Number of protein chains: 2
Amino acid sequence: MTVERIHQHIDEHFDAHLEQVRRAVRQPSISADGTGMAEMAQLLVDMIGEAGGTGELVSTPGYPIVYGEIQVGAPKTLLVYGMYDVQPVDGEDWSVSDPWGGEVKDVPGFGPCLLNRGIFNSKGPLIHFFNALESFRAVGEPYPVNVKFMIEGEEELGSPSLPGFVEQNKERLQADFALFPFYGQDANGKVQMYLGFKGPYFIDLIARGGDWGGPVSRGIHGSNAVWFHNPAWTLVHALASMFTPDQKHVLIDGFYDDIVSPSAEDEELLAKLVETFTPETELAENDVRRFKYDLTGVDLVRKYLYQPSLNIDGINAGYTGEGSKALIPHEARAQIDIRMVKNMRPDHMLQLLKDHLERHGFGDKIEVRPHDGYGPSKTGYKNNPAAQAMAETYRQMGLEPEIWPHLGGSAPFYLFTEVLDIPVVLGGLGHGGRPHSPDEYATLEGMKLAEKSYASFLLNLVA
Amino acid sequence: MTVERIHQHIDEHFDAHLEQVRRAVRQPSISADGTGMAEMAQLLVDMIGEAGGTGELVSTPGYPIVYGEIQVGAPKTLLVYGMYDVQPVDGEDWSVSDPWGGEVKDVPGFGPCLLNRGIFNSKGPLIHFFNALESFRAVGEPYPVNVKFMIEGEEELGSPSLPGFVEQNKERLQADFALFPFYGQDANGKVQMYLGFKGPYFIDLIARGGDWGGPVSRGIHGSNAVWFHNPAWTLVHALASMFTPDQKHVLIDGFYDDIVSPSAEDEELLAKLVETFTPETELAENDVRRFKYDLTGVDLVRKYLYQPSLNIDGINAGYTGEGSKALIPHEARAQIDIRMVKNMRPDHMLQLLKDHLERHGFGDKIEVRPHDGYGPSKTGYKNNPAAQAMAETYRQMGLEPEIWPHLGGSAPFYLFTEVLDIPVVLGGLGHGGRPHSPDEYATLEGMKLAEKSYASFLLNLVA
């Protein structure tokens, strides 16, 4: 059988496939500061060519999008979405000498793993898809579907250019299914499927001295704190005014108003989900000892999935080096993000935030600078052939998927669910973790499973 | 007359004297990270030798103290206190190419100025004192007094080693007067005298994930903010709980309890002080447009001098670089300082702070790490021959001093006023500014006045 020959090829040529993964992850590509972005985009254009297609770089106001097509004359077409940018590694303490070294190391409990920025989020899964295509070629089988690629370089920035690209290229992006390759297994090997995402909105808050008080142009000696204002205090008070001290309830008026209850299909999925969902795994994977809420089962998961959040990603002001420095800084900054659930709209949330600051007397003291964001997304299961093909793949490989109505994290899937209207699935086998953290990793064993799952998925799409 | 010959020498040899100043300020000496500290200490030992005395480095648990003596057989002895450490320049934007270049540049309103870290705080005044001594030698006059030097390298760290040194060296530190050389003129040329200091206390607050919640060992993905705690929020709420949003009132129980009212002599000084005190100058020198308080005259100055303050010198957590990073940091830090007025004690304030955090539920979430501090100090005027000699110097040079009961800033003068019991004065002519800020400066014109004032002061001490 075709699938067995392909899976066998993947087992027998894993070393060569792993080198392809390394080729991609060793190339830094940090959208936050631009490092290696052009080189990485070109590498993907090359890989699309090696897979028998044609890739190109499409200019955007930001980093170019890698667009590609492999036309094999098949009746159906799959659109693969991916990203080639990764997070910075500044200030992170890795256990390997180089976060870009592609080093393989035994990780207790997981066996040999590749540790590298971007292996999990999200170069590993994307390259496994290319390796799956290679396996069809190697055994002399045609690809079951035509493939289109849309790989952006700004996912870690909130995908600012992707919506414009999709709007302007609706025609050539038409496809029958869409896939976002992703390691779908948790630390225990359980496979998870997510039928949507929350929408992130990143906003900088910048408090500065001005007509209201505080130093305007430079930090000044801290002994003046008794009679001059400090923008760092202003920022601290503004932030504190938005959230209860127990970190459970956002105090911005209207913040929760647009939330809708889970649908009937979602409630069904939740009831099934909690049969296999293990809160302990979530704690262990994040090295956290306690949830905010004393909830269990469906209540805990419902809180996680159907509540929006307000987070401080970073805050910085004044002197934070060694020793002491008595200082009133003239500027204090925080990056916050609002993570929106279904029915919440970025522009509306921004207005609520601005209204809150105005009402609390911070309007003239704090600049609100939104920089990236997009809305939440939701797809169904029963009416989604891509999701069905992926679930079938898992079952063929002996794993019953745990299906999540959506994920707490974010990806701009509203472009598929709302704009392009293509059935979309996020998935594949494999396990990795620690996105945005030091020692981001993926297991070698999971990599083989990932490649096999993509091969099977392609066959299942047209079965 | 002696004083005229010396003043003439200073005018005629200013270029050479300026080179001495540059010799000192071009040598970085950053106690926060150790840069150049040993070289700077040795330079001062050399200068004491050049002035005809003997200097040595006395070991401490931190940076050594430069101790020196110039014995000329005079009946009276002056102890000169100074510091050889300066603030870091990290992240500061200077208008000269090198904050350690000793560059002279025209500053609008001030004419030619030397811009360099440490010129104002406090190498410039100290070197002018040495130049004044050189002038006595050059014109063939003996020094009017014996001179002792105690120059520490940890003033910017809160002088942690100085108290121990003073306690252990009470005998050899005995003197009839003490002087801390300082540029005493404000931006308009007005001369100010300060009869004491507030006491600073620097404390780090470090919020970390732990048994209570939050990530324990590394930053994790921000999408978890909905169900995991964030130490940055914890720190923000803890800080906000300590201070009213209008930044006027500290909310730590007992914070203001130990304050005492101004003495009768202080009230006399305040009444005279406000005849010449110009709030506009304070605003302009700090590039601040508004005081916290709608107060004027004695009320404003009383608030400035007799109120303690709680300041955020710096705060840092999570990702604050370019672009976006969805992150829950596992640690968030702030450096705060409490600036104490007469009668407040560092240990007691620390306990009040800890009690406050405990009472507000932050006891298990935030580490309180005090690192530097000492108490406030106060001397009188009428009973202080050093202050009288300095005031007489100002008047001889045509300037009526504005006498402040104490300064809002800090120096460990309690060692003179409480431990050694030596009449002490802070002063000298000259003008500079922007301590702890970019473009720290001193005027060249003021430098000449400074050197002349030290020469006159030495003569006035024994007149």
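Cut-offs used in this document
Residues numbered from 1 in each chain as written. Chains lettered and ligands numbered in written order. Predicted model: local features only at pLDDT ≥ 70, side-chain atom pairs only at ≥ 80, totals over all residues. Heavy atoms only, no water. Domains from an automatic or database assignment. Contact = heavy atoms within 4.5 Å. Buried area = accessible area lost by both parts, 1.4 Å probe. Polar contact = N/O pair within 3.5 Å; in protein donor to acceptor, adjacent residues only side chain to side chain. Salt bridge = Lys/Arg side-chain N within 4 Å of Asp/Glu carboxyl O. Nonpolar A, V, L, I, M, F, W, Y, C, P; charged D, E, K, R; others polar. Pairing = 2+ DSSP bridges. Helix = DSSP H or I, 4+ residues; strand = E, 2+ residues; numbered from the N terminus. Least-squares fit on C-alpha atoms with pLDDT ≥ 70 in both. Buried < 20%, exposed > 50% of the residue type's maximum accessible area, 1.4 Å probe, protein only. Axes fitted to C-alpha atoms, helices over the stretch in contact; angles between N-to-C directions. Phe/Tyr/Trp six-rings, centres within 6.5 Å; stacked < 30°, edge-to-face > 60°. Lys NZ or Arg CZ within 6 Å of the ring centre and 35° of its normal. Core = buried A, V, L, I, M, F, W, Y, C linked by side-chain atoms within 4.5 Å.

1. With respect to the domain arrangement of chain A
A common way to state how big an interface is: give the accessible area lost once the parts meet. Residue and element names in this part refer to chain A. Partitioning chain A into structural domains gives domain 1 (2-195 + 379-461), domain 2 (199-249 + 310-373) and domain 3 (260-306). Relative placement of domain 1 and domain 3: their C-alpha centres are 26 Å apart. Contacts between the two partners involve 17 residues from domain 1 and, on the opposite side, 15 residues from domain 3. A buried area of about 1,400 Å², summed over both sides, lies between domain 1 and domain 3, and 58% of it is on carbon and sulfur atoms. Considering only the side of domain 1, the residues that lose the most area to domain 3 are W404, P405 and H406, jointly responsible for 38% of the buried surface there. Taken together, the connections running from domain 1 to domain 3 amount to 9 residue pairs in polar contact (both at pLDDT 80 or more).

2. Thoughts on the interface of chain B and chain A
Every contact between the two is made by 92 residues of chain B and, on the other side, 92 residues of chain A. A combined buried area of about 8,100 Å² lies between chain B and chain A, and 56% of that area is made up of carbon and sulfur atoms. Linking chain B to chain A there are 4 salt bridges. A salt bridge links K325 of chain B to E92 of chain A; its shortest N-O distance comes to 2.9 Å. The tally of links from chain B across to chain A stands at 51 residue pairs in polar contact (both at pLDDT 80 or more). When its residues are assigned to classes, the side of chain B that touches chain A shows 38 nonpolar, 32 polar and 22 charged. Of the pairings in the sheet, the one linking strand β11 (residues 309-318) of chain A to strand β11 (residues 309-318) of chain B comprises 5 bridges and is antiparallel in character. The residue bridging G318 of chain A from the neighbouring strand is G314 of chain B, located in β11 of chain B.

3. Notes on the relation of the copies chain B and chain A
In screw terms, the move from chain B to chain A is a rotation of 179° and a rise of 0.0 Å along the axis, fitting with an RMSD of 0.1 Å. Within this description, the copies of the chain are treated as partners about a two-fold rotation axis. In terms of proximity to the rotation axis, the leading residue of chain B is N316 of chain B, whose C-alpha is 2.3 Å off the axis. Take the interface residues of chain B: 100% of them recur as interface residues in chain A, which is what a same-surface contact looks like.

4. Describing helix α8 (residues 279-286) of chain A
Turning to α8 of chain A, its buried residues number three or more, namely T281, E282, L283 and N286 of chain A. Here the buried face of α8 of chain A lies against β10 (220-221) of chain B. Phi turns positive one or two residues past the end of α8 of chain A, at D287 of chain A, with a value near 50°.

5. A short note on the sheet that holds strand β20 (residues 441-443) of chain B
Residues and elements named next belong to chain B. Strands sit in the order β4-β5-β20-β19 across an open sheet of 4 strands; the sheet is antiparallel. The sheet is open, and its two borders are formed by β4 (103-107) and β19 (432-433), each paired with just one other strand. Judged from the 3 bridges that link them, strand β5 (residues 111-115) and β20 form a sheet pairing that is antiparallel. Residue pairing across strands places L114 opposite A442, the latter belonging to β20.

6. Overview of the sheet that holds strand β19 (residues 432-433) of chain A
All names here are of chain A. Overall, antiparallel pairing links the 4 strands, which are arranged β4-β5-β20-β19 in an open sheet. Each edge of the open sheet carries a strand with a single partner, namely β4 (103-107) and β19. Contacting β4, β5 (111-115) and β20 (441-443), helix α13 (residues 444-461) runs over the sheet at an angle of about 70° to β20.

7. Considerations on the pattern of salt bridges
Pairing between side chains becomes possible if they bear opposite charge and their charged atoms approach one another. Residues and elements named next belong to chain A. Within this structure, the stated rule accounts for 52 salt bridges over all chains. The salt bridge partner of R208 is E367, with a shortest N-O separation of 2.9 Å. A residue pair is termed long-range when its members are at least 10 positions apart, and R208 in strand β9 (residues 196-208) and E367 in strand β14 (residues 366-373) qualify at 159 residues. Overall, R208 belongs to the partly exposed group, its relative accessible area being 28%. Across the pair K382 and E268 runs a salt bridge, and its minimum N-O distance is 3.2 Å. Here K382, found in the loop between β15 (377-378) and α11 (385-396), pairs with E268, found in helix α7 (residues 264-276); they are 114 residues apart in sequence, far enough to count as distant. In terms of burial, K382 and E268 fall into one category: exposed.

8. A closer look at the packing of aromatic side chains
Aromatic rings in a pair are described by how distant their centres are and how their planes are angled relative to each other. This model, assessed by the stated rule, comprises 54 aromatic pairs over all chains. On the numbers, 6.4 Å between centres and 50° between planes, the contact of Y67 of chain A with F165 of chain A is tilted. Of this pair, Y67 of chain A sits in strand β2 (residues 65-70) while F165 of chain A is found in helix α5 (residues 162-168), placing the two residues 98 residues apart along the sequence. Here F130 of chain B and F149 of chain B contribute two aromatic rings whose centre-to-centre distance is 5.0 Å and whose plane-to-plane angle is 10°, an arrangement assigned as stacked. One end of the pair, F130 of chain B, is in helix α4 (residues 119-138); the other, F149 of chain B, is in strand β6 (residues 146-152), and 19 residues separate them in sequence. The positively charged end of R172 of chain A is found above the aromatic ring belonging to Y67 of chain A, 4.4 Å away from the centroid. One residue, K303 of chain B, lies across the ring of Y293 of chain B, its end atom 4.7 Å from the ring centre.

9. Side note on the nonpolar core
Grouped together as the largest cluster of nonpolar side chains are 112 residues, with contacts concentrated most on L44, L78, F129, F149 and M150 of chain A. Sort the elements by how many residues they give to this core and helix α4 (residues 119-138) of chain A lands first, with 9 residues. Apart from residues no more than four positions distant in its own chain, F129 of chain A is found in contact with L78, V80, V147, F149, L179, P181, Y454 and L458 of chain A. Counting residues in each nonpolar core, the second largest holds 109 residues, with W227 of chain A together with V58, Y183 and A450 of chain B among its members.

10. Describing the side chain of N224 of chain B
When you line up the elements, N224 of chain B lands in the loop between β10 and α6 (231-240). What N224 of chain B contacts, discounting residues up to four positions off in sequence, is N286 and Y304 of chain A together with I328 of chain B.

11. What to know about the side chain of H17 of chain B
Relative to the helices and strands, H17 of chain B resides in helix α2 (residues 14-25). Owing to a relative accessible area of 3%, H17 of chain B belongs among the buried residues under this scheme.

12. Observations concerning unusual backbone geometry
Omega for the peptide link from N121 of chain A to S122 of chain A comes to 5°, which places this bond in the cis form. The topology assignment puts S122 of chain A in helix α4. The backbone phi angle of R434 of chain B is positive, close to 55°, even though this residue is not glycine. Position of R434 of chain B among the secondary structure elements: in the loop between β19 and β20. Phi angles above zero are rare outside glycine, and D439 of chain B is one such case at about 60°.

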